[in-house]
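Fold and geometry: a report
This is what each chain is made of:
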Amino acid sequence: MIIMIRYLIPITGRPNAGKTSLLNFLGRMSRPVGKHAGTTLQIETIPIYRNLSFVDFPGFGRAAKKSKRIEEKIKNNIIQFIDNPENNFLFGLHIIDASTFPIVVHSLEKKGIIPIDIEMISFVSENTKHPIFIIFNKIDKVKISFMKQNLVILKSYELPEYELFQVSLKSKEGCNNLRNRVKNQIIKELGVSYQHW
Ligand SMILES: Nc1nc2c(ncn2[C@@H]2O[C@H](COP(=O)(O)OP(=O)(O)OP(=O)(O)O)[C@@H](O)[C@H]2O)c(=O)[nH]1
Ligand SMILES: [Mg+2]
């Protein structure tokens with residue numbers, strides 16, 4: 001009997017960062033995206049090609065629509081899923097909303113709290129083989145000086161190795177570069193038969 005190993009690429013990030021938008025772009029799909037945080041509430045595994053799937057996660061962290069109890073449940077589900085040794089993760093895609101990241105980080109720093117993005121990047125990295133891709137999204141909404149703040153803040157944290165991208169899933173700036181890099185990494189890990197993906 002031949003057992004096909006299922007490989008997964010997790011897409012993580014805070015509510016409303018653009019996870020589903022990224023999945024739609026990479027997978028050429030049109031899954032629902034939303035103006036308000038909390039559009040995706042279930043962990044969804046979406047087959048892309050052969051035995052390869054993307055995983056669309058609900059946003060990790062505060063979202064106005066959700067109660068504290070639901071938020072906790074979502075958080076536990078995400079942790080369990082990523083921690084599960086039966087899930088073979090290739091590499092992670094962590095998406096950050098560049099138009100809010102510095103503001104969120106500053107308000108948390110005042111309270112001495114480590115930003116959820118930083119915790120999430122470390123956690124996903126522990127459970128994936130290749131360095132995580134950190135993707136700053138919504139660059140169409142920010143000035144260059146604000147974008148620099150994003151980069152300075154990220155660099156101020158000690159993180160496992162990562163690759164950095166800056167994109168707008170709205171204007172598509174930087175998106176083809178990201179797609180090519182994702183594709184090349186899949187081919188590197190799973191073989192040339194994935195070049196038609
Ligand atoms: N201006 C701008 N808006 C964007 C960009 N990418 C996504 N959006 C918008 O941001 C909102 C959230 O996008 P989603 O893809 O639903 O975000 P998500 O991370 O899946 O959100 P949840 O499922 O709620 O956690 C939508 O209104 C998108 O149209 C971008 O690059 N620029
Ligand atoms: Mg979503």
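Use the structure listed above.
Residues numbered from 1 in each chain as written. Chains lettered and ligands numbered in written order. Predicted model: local features only at pLDDT ≥ 70, side-chain atom pairs only at ≥ 80, totals over all residues.

Re the overall build of the chain
- Counting its secondary structure elements, the chain contains six helices and seven strands.
- When the elements of the chain are put in sequence order from the N terminus, they spell out β-α-β-β-α-β-β-α-α-β-α-β-α.
- The C-alpha radius of gyration computed for the chain amounts to 16 Å, which stays within 12% of the reference 16 Å derived for 197 residues, consistent with globular compactness.
- Each of the three principal axes of the chain carries a C-alpha extent, and together these read 55 × 40 × 35 Å.
- Expressed as a percentage of contacts within the chain between residues at least 6 apart in sequence, the contacts between residues at least 24 apart total 73%. (Helix = DSSP H or I, 4+ residues; strand = E, 2+ residues; numbered from the N terminus. Rg over C-alpha atoms; globule rule 2.2 N^0.38 Å. Contact = placed C-beta atoms within 7 Å.)

Looking at the site of ligand 1
- Near ligand 1 lie 24 residues; those nearest to it are Ser21, Val33, Thr40, Gly59 and Lys170.
- When residues of the shell around ligand 1 are assigned to their parent elements, the largest contribution, three residues, is made by helix α1 (residues 19-27).
- Among the residues forming the shell around ligand 1, the class breakdown is six nonpolar, 12 polar and six charged. (Near = placed C-beta within 6 Å. Nonpolar A, V, L, I, M, F, W, Y, C, P; charged D, E, K, R; others polar.)

What about the packing of helix α3 (residues 101-110) against helix α5 (residues 144-155)?
- It is the contact of α3 with α5, at a shortest axis distance of 9 Å, that shows an interaxial angle of 50°. With respect to each other, α3 and α5 are oriented oblique. The handedness of the crossing between α3 and α5 comes out as left-handed. Where α3 abuts α5, its residues Phe101, Pro102 and Val105 lie against Phe146, Gln149, Asn150 and Ile153.
- Tallied by class, the residues present in the contact of α3 with α5 amount to five nonpolar, two polar and no charged. (Axes fitted to C-alpha atoms, helices over the stretch in contact; angles between N-to-C directions. Parallel < 35°, antiparallel > 145°, perpendicular 65-115°, else oblique. Left-handed = near helix turned anticlockwise from the far one by under 90°.)

Some remarks on the environment of Gln42
- The topology assignment puts Gln42 in the loop between α1 and β2 (44-49).
- For Gln42, a count of 9 C-beta atoms within 10 Å translates into the label exposed. (Buried ≥ 20, exposed ≤ 12 C-beta atoms within 10 Å, placed from the backbone.)

A closer look at the pairing of strand β5 (residues 93-97)
- Of all five residues that make up β5, five are buried, and the element is covered over most of its length.
- Burial along β5 is two-sided: the face carrying Leu93, Ile95 and Asp97 and the face carrying His94 and Ile96 are both buried.
- Inspection of the sheet shows strand β1 (residues 7-13) paired to β5 by three bridges, in the parallel sense. Its bridge partner lying in β5, Thr12 is registered against His94. (Pairing = 2+ DSSP bridges.)

Section: the pairing of β1
- Judged by how many residues are buried, β1 sits mostly within the fold: six of seven residues are covered.
- Across five bridges, β1 lies against strand β3 (residues 52-56) in parallel orientation. Within β3, the residue paired with Pro10 across the bridge is Val55.
- Pairing of β1 with strand β4 (residues 88-89) involves two bridges; the strand directions are parallel.

A word on unusual backbone geometry
- A positive phi is found at Arg50, a non-glycine position, where the angle reads about 50°.
- Within the fold, Arg50 resides in the loop between β2 and β3.
- For Lys172, which is not a glycine, the phi torsion comes out positive at approximately 75°.
- Position of Lys172 relative to the elements: it lies in the loop between β7 (162-166) and α6 (175-190).

Overview of the nonpolar core
- Among the nonpolar cores identified, the biggest contains 37 residues, and Ile11, Leu22, Leu93, Ile95, Ile96 and Ile135 are the most heavily contacted of them.
- No other element matches strand β6 (residues 132-137), which puts five residues into this core. (Core = buried A, V, L, I, M, F, W, Y, C linked by C-beta atoms within 7 Å.)

A few points about the environment of Val182
- With respect to the helices and strands, Val182 occurs in helix α6.
- Each C-alpha atom, one on Val182 and one on Leu93, is 9.1 Å from the other, the two residues being 89 residues apart in sequence.

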